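# Results of the structural survey
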Number of protein chains: 2
Amino acid sequence: MSAITVLLVDDHLVVRSGLKALLGTQPDFDVVAEAASGEEALELVDLHAPAVVVMDLAMGAGIDGIEAIRQLRQRNSRQPILVFTTYDSDADIVRAVDAGAMGYLLKDAAPDEIFAALRGAVQGKSVMSAPVASRLFQQLRNPDEVLTPREAELLSLLTQGLSNRELGQRLFISEATVKTHLAHIYAKLGVETRAAAIATAIRREGMR
Amino acid sequence: MSAITVLLVDDHLVVRSGLKALLGTQPDFDVVAEAASGEEALELVDLHAPAVVVMDLAMGAGIDGIEAIRQLRQRNSRQPILVFTTYDSDADIVRAVDAGAMGYLLKDAAPDEIFAALRGAVQGKSVMSAPVASRLFQQLRNPDEVLTPREAELLSLLTQGLSNRELGQRLFISEATVKTHLAHIYAKLGVETRAAAIATAIRREGMR
DNA sequence: AGCAGCATCAGCCAAAAGGTTGAGAGACCA
DNA sequence: TGGTCTCTCAACCTTTTGGCTGATGCTGCT
């Protein structure tokens, strides 16, 4: 049988070469290309048509991993995409799955877990690290705590330190509306002040 | 001549094996041991007495990189320690240098930069990535922007989302004093609201 | 002794944020 | 069609925060 062709996408050379070394210990994997950015990933997928793509979410410059996944999905490319990243923030997980990721692995995963995830992915199976799965479960159990798109947008700007007035101007809505959204966000995050909301968002939701 | 013996410390297996693969391309490096935690690092230094230690700061469990550096320094071990991490937050840099790190490399560094840093370190030279160096320089140039111990303490609590009243209670000072400290902190951070201060602190000062 | 930096506190005022209630428009779905 | 969700806005009121000025005691350095 032929080997599973893999495209690695990570802006850190050490991670790419580490992953390559790990996959090299298995006879059925063949790393056919490496990309250091989202843009490069799009090119190399077209060029090599790998059986599976392993992608980090945090990319230094240019489009990030989420956007790269989205654009790959919009082309008619069929290869499964596995997210391979350091953090298991709620927001990242949801966005990645939403964008069309096939699985979500953390970088401290054991080699066997990585191998199994890759082999599973090419067969159409979804695989994710245990901490990631438990976070998703919790979100499904408590849908009341999931922010609406608009709320998430506002929260993202909030973590930049903007005032209500600035938020309104930026989003083209009145300050009254901003306050309404904020009240809902506070309730969902379980906080009472914008300070706590920012702290929670940056730490728990991974908005950096 | 004999090879430079290296100990790798990083909780991510992929990073260790990537670094090992990179160093393997050079004839003068020999990775004699790998540690996945601070505790393990301390043991393996005793056991192998490597010529240089390459250490990540963020370690999943147990003592973190900074503490590991400090403890290594307190023993009579002489090997230079190179920090090899993802983020260049002001706080991390200062703390690492303070703990006795010999250099500070970012994970997106080019292979040649890594090789040069390792070779330099064993000869007693300090090496750091350009962004890291520029941050240190800026701190030296603008001592006015350095927070006093009390201000740092307050800022740390601020990033937990506490109100002025709560800050006062926690630090056993009046709300008036809290406001005075905050005003100074805002000036030093170059912000005007607590929201922006929190955002800046968590992102730039690395208070997570 | 004098000066600078730090930490502490007070009072006053304006601005911002938060709590509450109520309400209308559009989307979506049963 | 009716119900639910989301997004939008308003008015009112209380609390919190921020800007300003000024002041005290302590420490360390010169």
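Residues numbered from 1 in each chain as written. Chains lettered and ligands numbered in written order. Predicted model: local features only at pLDDT ≥ 70, side-chain atom pairs only at ≥ 80, totals over all residues. Heavy atoms only, no water.

A few words now on the pattern of salt bridges. Tallied over the full model, the rule gives 16 salt bridges over all chains. Across the pair Arg 150 of chain A and Glu 153 of chain A runs a salt bridge whose closest N-O atoms are separated by 3.0 Å. Here the residue Arg 150 of chain A and the residue Glu 153 of chain A both occupy positions in helix 7 (residues 149–158), the gap between them amounting to three residues, near one helical turn. Classification of Arg 150 of chain A by relative accessible area gives partly exposed; the value is 29%. Residue classification places Glu 153 of chain A among the partly exposed positions, given a relative accessible area of 37%. A salt bridge links Arg 70 of chain B to Glu 67 of chain B; its shortest N-O distance comes to 3.3 Å. You can see Arg 70 of chain B and its partner Glu 67 of chain B sitting in helix 3 (residues 65–74), three residues apart, about one turn around the helix. When its relative accessible area of 31% is taken as the criterion, Arg 70 of chain B is described as partly exposed. Connected via shared salt-bridge partners are Asp 10, Asp 56 and Lys 107 of chain A. (Salt bridge = Lys/Arg side-chain N within 4 Å of Asp/Glu carboxyl O. Helix = DSSP H or I, 4+ residues; strand = E, 2+ residues; numbered from the N terminus. Buried < 20%, exposed > 50% of the residue type's maximum accessible area, 1.4 Å probe, protein only.)

The local shell around DNA strand C holds 17 residues, among which Lys 179 and Arg 194 of chain A together with Thr 148, Ser 174 and His 181 of chain B are the closest. In DNA strand C, atoms within 4 Å of the protein come from the sugar-phosphate backbone in 69% of cases. Asn 164 of chain A is positioned with one of its backbone polar atoms (N or O) 3.1 Å from a phosphate oxygen of DNA strand C. For DNA strand C, a phosphate oxygen lies 2.8 Å from a polar atom in the side chain of Arg 150 of chain B. Elements with a contribution of two residues or more to the surface near DNA strand C: helix 8 (164–171) and helix 9 (175–189) of chain A together with helix 7 (149–158) and helix 9 (175–189) of chain B. At four residues, helix 9 of chain B tops the list of elements feeding residues into the surface near DNA strand C. Considering only residue class, the surface near DNA strand C consists of four nonpolar, eight polar and five charged. (Near = heavy atom within 4 Å. Polar contact = N/O pair within 3.5 Å; in protein donor to acceptor, adjacent residues only side chain to side chain. Nonpolar A, V, L, I, M, F, W, Y, C, P; charged D, E, K, R; others polar.)

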